[in-house]
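# Secondary and tertiary structure notes
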Amino acid sequence: SNCNLSSRVRKVRRCYGVKMEFTVRVVILGLLLHSASLAIEEWSWNRDSRLEMLNKGGNEMPTIHRRSRRDDKQQCGFTSSPQVVQIYMPESKTYLQPIWLNKEVILIAASDYSKTFSSQKASFSPTNLWRIDLESNADRYNLVFNDKSSGINHAPTVIDTLTRSQANPSVATLLSADYKYIYVTRDSGNTWSKYNSPSDKFHNHHDMLMSSVDEKRIVIRDADAQLFLSESYGNSWAKISTRAYQVDIGYNSPHEVEYLYYTEQHGNDKYEKWLHRKNTKTGDTTVLDKHVYLFLMDGKYLFISKHNHSNPDARRMYVSSDFGETFVMARLPELHWYQSYALMTTHEVGAFIHVSLNYSEGRGNLYSSDSTGEYYTISLRNHLYERSLGNVVHDFYEVQSARGVYITSVKEDDKNVTTRISFNRGATWSTLKAMDCEGKSCGSGDLHLHMNHSRSITLFASDKYPLPLSKGTAPHIIMAHGVVGKHLHDSTNPNRVFISDDAGRSWYSSLPPGKYSYAISDYGNLLYAIQRSVNSTDVWVSHDRGKCFRKFPLDTTGQFILKGLVGDFKVGSLVSLAFGVPTQANNTSEWIVHAIKFGSALDRPCRHDDYSLVSEQDCLLGFKREFNITKNNAVCYNAPGYKYEYFDKKPCKCSLSDFECDYGYQRSADGQCTKEDGYDLGKHCAAGQTTYQKSSNGLRPIPGDLCINSDDFVTFSTEACTGHDYDAGDDYPDDQEREKKNYDRLIQILLVCG
């Protein structure tokens, strides 16, 4: 089918690294948890077990939900409805997974993949591949459905392995169900090439990595610990290792070289592995360390966990900020066998690392580093970090729409889960406040957000809450599901979608209670949502940053129900795709796609007098920015060339919120930094270091903070080192000495037991 859909083309943003994953399937508890702030949510639908639907008929008037200050006569400011083009997709398979390949193409894999509750074995049917072309032609979009499955001969595949290359969005890969073949397209799904996989023994499809800088480079590690590298899309393979334990890829942008990191087990000690770094440009391989337990790679930081020299039962963390050239000891607690490190995230000038108390607790301490990634201080205690059926679960979320803002969860002593937010890169944390719920009080208590913890304890994918959503191109806007009460599972008040337009300082809800898929578009000027219920046929739209939503029906015949939403594949896009399925009143079994053009609901391009220049209410990391946003009563869309941010940063005078506790100090109940017992920075200098910088009062500037007059709060003095730690590069005691220590430990155990 061909359909022309008018649209105004906006400035294209590079969002190719975001995987728009729309998997319509039943997922049992314990399957992989998805993180990332996506505009498309995971849905579960089984055509054979859908509920009986009541038919709707006639013309339904849009319903308006607004905050109390809005005038009912304004109808949220809208004077017309979005244009909707309904296209029938002749596809009867039960499960879909679409991904955006580039700015004009979406690729969809359709299959009857299924997995039973009594068995982890999955069954597969031949896969159909569909492609939707959004061909730009001046001011129009041409939506075309093409069946592109012939390129892979309708072979059974694992549809959730459909992956788009970050190096080239026109390149995508798909694994066969038996893992024997890799299908590759280089032209956005027009044609496919079939290559032999180097191995059919996979733990899971995450054992395949694609390069972020070279579209031809693919890395595979199989279940037998064999490591393979292809520089030709999978046409040929080179075996790199036969005993690889961990694998990751890191890109050194200053030197424009990509490194392949992997550990190999040598000898019988499974805790002592060699860490290798392979230069993909020259082919050279370097052994970085011979005593690695685990390694973590993120951005420019490479972390390795090693057993302590003097205590084989303990481990320490070391860090490199130059891709493995040099390592220093990370000033973190020493771990025992029942504890673990977990890297939450890194940024340009620091990192967050979780240290578990023990595996059964489901919580630990969150640490933040200085700008070197070497010195750490406790950022948050009782930080949630759980394991569920082999999967790691945490709620740590970096807000994309505001710098230095993070959201995470705390597991209290009574095992209840509560939410915290930081506005200064983890130096201090506070609870969330809900100010307004449809013009009324939201109830007593704090606001707690549904994130990965909630998803991990929810059985069906259709019942899982979407993750929080924020975008760097929509200043300060955050959308998330939550509940107001004593804790996350407090049933006193209903669960609903909450929105913040001030980077999380205050929250409001203008939608009726329930679960929604939501999206942020047009630089935050347009928010829209679809309710995730068995009879949803409407889209809710807001043009005033979520303060007022109007409901527009996509269908008044009762012939379909909505199942998924794909939105904002371009920065200035005003087009979204909603996927639906027929009700039992409809005799067809085809999927239905609704192309929603929101531009027709907005009156015109925004003029100069439609904007307000808004300065940030509070300083974030020592300075304020100014944003050009539309006024609440301006029903318009942002024209090409629109710039949402003015880059003349306004520095702020320093306050206590611009500082965190230094290494060896912890924040007390009154907010002051007090010295921890047993911590002395002078006794833990790096090898070869003779002096260190000592804080006058236990404070240190937050990494990346640009406030002025910091000397008014803290000064540093140069002191002589009184002790040193081992560095990662130091030689370990020789094997005979280590064996003697192990023998002595065994004799001690026998004497005690005897």
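Residues numbered from 1 in each chain as written. Predicted model: local features only at pLDDT ≥ 70, side-chain atom pairs only at ≥ 80, totals over all residues. Heavy atoms only, no water.

## Remarks on the overall build of the protein chain
- Of regular secondary structure, the protein chain possesses 2 helices and 56 strands.
- Taking the intrachain contacts of the protein chain between residues at least 6 apart in sequence as the baseline, contacts between residues at least 24 apart amount to 55%.
- For the protein chain, the accessible surface area stands at approximately 31,300 Å², while carbon and sulfur atoms represent 47% of it. (Helix = DSSP H or I, 4+ residues; strand = E, 2+ residues; numbered from the N terminus. Contact = heavy atoms within 4.5 Å. Areas by Shrake-Rupley, 256 points an atom, 1.4 Å probe, with all protein chains shown as cover.)

## A closer look at the sheet that holds strand S13 (residues 193–196)
- Ordered in space as S10-S11-S12-S13, the 4 strands form an open sheet in which the pairing is antiparallel. Lying at the two open borders of the sheet, with one neighbouring strand each, are strand S10 (163–164) and S13.
- Taken together, the 4 bridges between strand S12 (residues 181–185) and S13 define a ladder with antiparallel strand orientation. Considered in S13, the bridge of Ile182 is made with Tyr195. (Pairing = 2+ DSSP bridges.)

## Remarks on the pattern of salt bridges
- Applying the stated criterion to the full structure yields 25 salt bridges.
- Here Arg217 ties to Glu258 by a salt bridge, and the two come within 2.5 Å at their closest N and O atoms. Highlighted residues: Arg217 in the loop between strand S14 (208–210) and strand S15 (218–221) and Glu258 in strand S19 (residues 257–265), separated in sequence by 41 residues.
- In this structure, Arg363 engages Asp413 in a salt bridge whose closest nitrogen and oxygen atoms are separated by 3.0 Å. Taken together, the positions of Arg363 in strand S27 (residues 363–369) and Asp413 in the loop between strand S32 (406–411) and strand S33 (417–422) put the pair 50 residues apart, joining distant regions of the chain. (Salt bridge = Lys/Arg side-chain N within 4 Å of Asp/Glu carboxyl O.)

## Some points on the pairing of strand S18 (residues 244–252)
- Here S18 runs beside S19; their pairing, made up of 7 bridges, is antiparallel. The residue of S19 that forms the bridge with Ala244 is Glu264.
- From the end of S18 to the start of S19, which pair antiparallel, there are 4 residues, and Glu256 there has a positive phi angle of about 50 degrees.

## Let's talk about the nonpolar core
- Residues Phe78, Tyr528, Val539, Val541, Leu554, Ala578 and Phe598 are the most contacted members of the largest nonpolar core, which totals 23 residues.
- Looking at this core, the elements that each hand over two or more residues are strand S40 (526–531), strand S41 (538–542), strand S42 (548–553), strand S43 (560–567) and strand S45 (591–597).
- Ignoring anything within four residues of it in the chain, the contact list for Leu554 reads Val84, Gln86, Thr537, Asp538, Val539, Phe560, Leu562, Ala578 and Ile596.
- Counting residues in each nonpolar core, the second largest holds 20 residues, with Ala402, Ile421, Cys442 and Ala480 among its members. (Core = buried A, V, L, I, M, F, W, Y, C linked by side-chain atoms within 4.5 Å. Buried < 20%, exposed > 50% of the residue type's maximum accessible area, 1.4 Å probe, protein only.)

## Considerations on the pairing of strand S39 (residues 516–521)
- Among the 6 residues that make up S39, 6 are buried, leaving the element largely enclosed by the rest of the structure.
- Burial of S39 is two-sided: the residues Tyr516, Tyr518 and Ile520 facing one way and the residues Ser517, Ala519 and Ser521 facing the other way are all buried.
- Looking at chain direction, S39 and S40 are connected through 6 bridges and run antiparallel. Paired with Ala519 across the two strands is Tyr528, which belongs to S40.
- Between the end of S39 and the start of S40, which pair antiparallel, lie 4 residues, with Asp522 showing a positive phi angle near 50 degrees.

## A few points about the environment of Tyr338
- Position of Tyr338 relative to the elements: it lies in the loop between strand S24 (328–329) and strand S25 (341–347).
- A relative accessible area of 31% places Tyr338 in the partly exposed class.
- Distance in space between the C-alpha atoms of Tyr338 and Leu357 is 7.9 Å, their sequence separation being 19 residues.
- If we ignore the near neighbours within four places in the chain, the residues touching Tyr338 are Ser356, Leu357, Asn358 and Tyr359.

## Remarks on the state of the cysteines
- For the structure on display, the rule yields 7 disulfides.
- The disulfide that involves Cys619 links it to Cys652, with 1.9 Å between the sulfurs. Linking Cys619 and Cys652, the disulfide has an S-S dihedral of approximately -95 degrees and is accordingly described as left-handed. Here the residue Cys619 occupies a position in the loop between strand S47 (611–615) and strand S48 (623–630), and Cys652 occupies one in the loop between strand S50 (645–651) and strand S51 (659–661), the gap between them amounting to 33 residues.
- For Cys654, the disulfide goes to Cys707, at an S-S distance of 2.0 Å. (Disulfide = S-S within 2.5 Å.)

## Quick look at the sheet that holds S45
- Strand order in the open sheet made by the 4 strands is S3-S45-S44-S43, with antiparallel pairing throughout. Edge positions in the sheet fall to strand S3 (83–89) and S43, since each has one partner strand and no second. Between one strand and the next, the sheet's axes are offset by a mean angle of 25 degrees, whatever the strand orientation.
- Looking at chain direction, S43 and strand S44 (residues 575–582) are connected through 7 bridges and run antiparallel. Paired with Gly567 across the bridge in S44 is Ser576. (Axes fitted to C-alpha atoms, helices over the stretch in contact; angles between N-to-C directions.)

## Comments concerning the side chain of Arg363
- What makes Arg363 buried here is its relative accessible area of 12%.
- Looking at Arg363, its side chain comes within polar contact range of the side chain of Asn382, at 3.3 Å.
- With residues near it in sequence (within four places) discarded, Arg363 still touches His354, Ser356, Leu357, Asn382, His383, Leu384, Tyr385, Lys411, Glu412 and Asp413. (Polar contact = N/O pair within 3.5 Å; in protein donor to acceptor, adjacent residues only side chain to side chain.)

## A word on a nonpolar patch on the surface
- Taken together, the side chains of Trp337, Tyr338 and Tyr359 define a hydrophobic patch exposed on the protein surface, amounting to about 370 Å² of accessible area.
- Position of Tyr359 among the secondary structure elements: in the loop between strand S26 (350–356) and S27. (Patch = residues over 30% accessible without salt bridge, like charges linked within 9 Å, V, L, I, M, F, W, Y side chains within 5 Å.)

## Some details on the packing of aromatic side chains
- Considering all chains together, one arrives at 12 aromatic pairs under this definition.
- Centre to centre, the rings of Tyr375 and Tyr663 are 5.8 Å apart; their planes meet at 65 degrees, and the pair counts as edge-to-face. One end of the pair, Tyr375, is in the loop between S27 and strand S28 (376–384); the other, Tyr663, is in the loop between S51 and strand S52 (665–667), with 288 residues separating them in the sequence.
- The class of Tyr375 is buried, set by a relative accessible area of 14%. (Phe/Tyr/Trp six-rings, centres within 6.5 Å; stacked < 30°, edge-to-face > 60°.)

## A word on the environment of Ala172
- Structurally, Ala172 can be placed in strand S11 (residues 172–175).
- Once the C-alpha coordinates of Ala172 and Leu107 are considered, the two residues, 65 residues apart in sequence, prove to be 9.3 Å apart.
- Setting aside residues up to four positions removed in sequence, Ala172 forms contacts with Leu101, Thr163, Arg164, Tyr183, Val184, Thr185 and Trp192.

## Overview of the confidence of the model for the protein chain
- Taken residue by residue, the protein chain gives an average pLDDT of 78. The fraction at 70 or more is 78%.
- Throughout residues 115–121 the model reports pLDDT below 50, and contacts reaching past four residues in sequence, or to other chains, amount to 10 contacts.
- Contacts for the low-pLDDT stretch residues 136–141, under 50 throughout, to residues beyond four places or in other chains number 22 contacts. (pLDDT = per-residue confidence, 0-100.)

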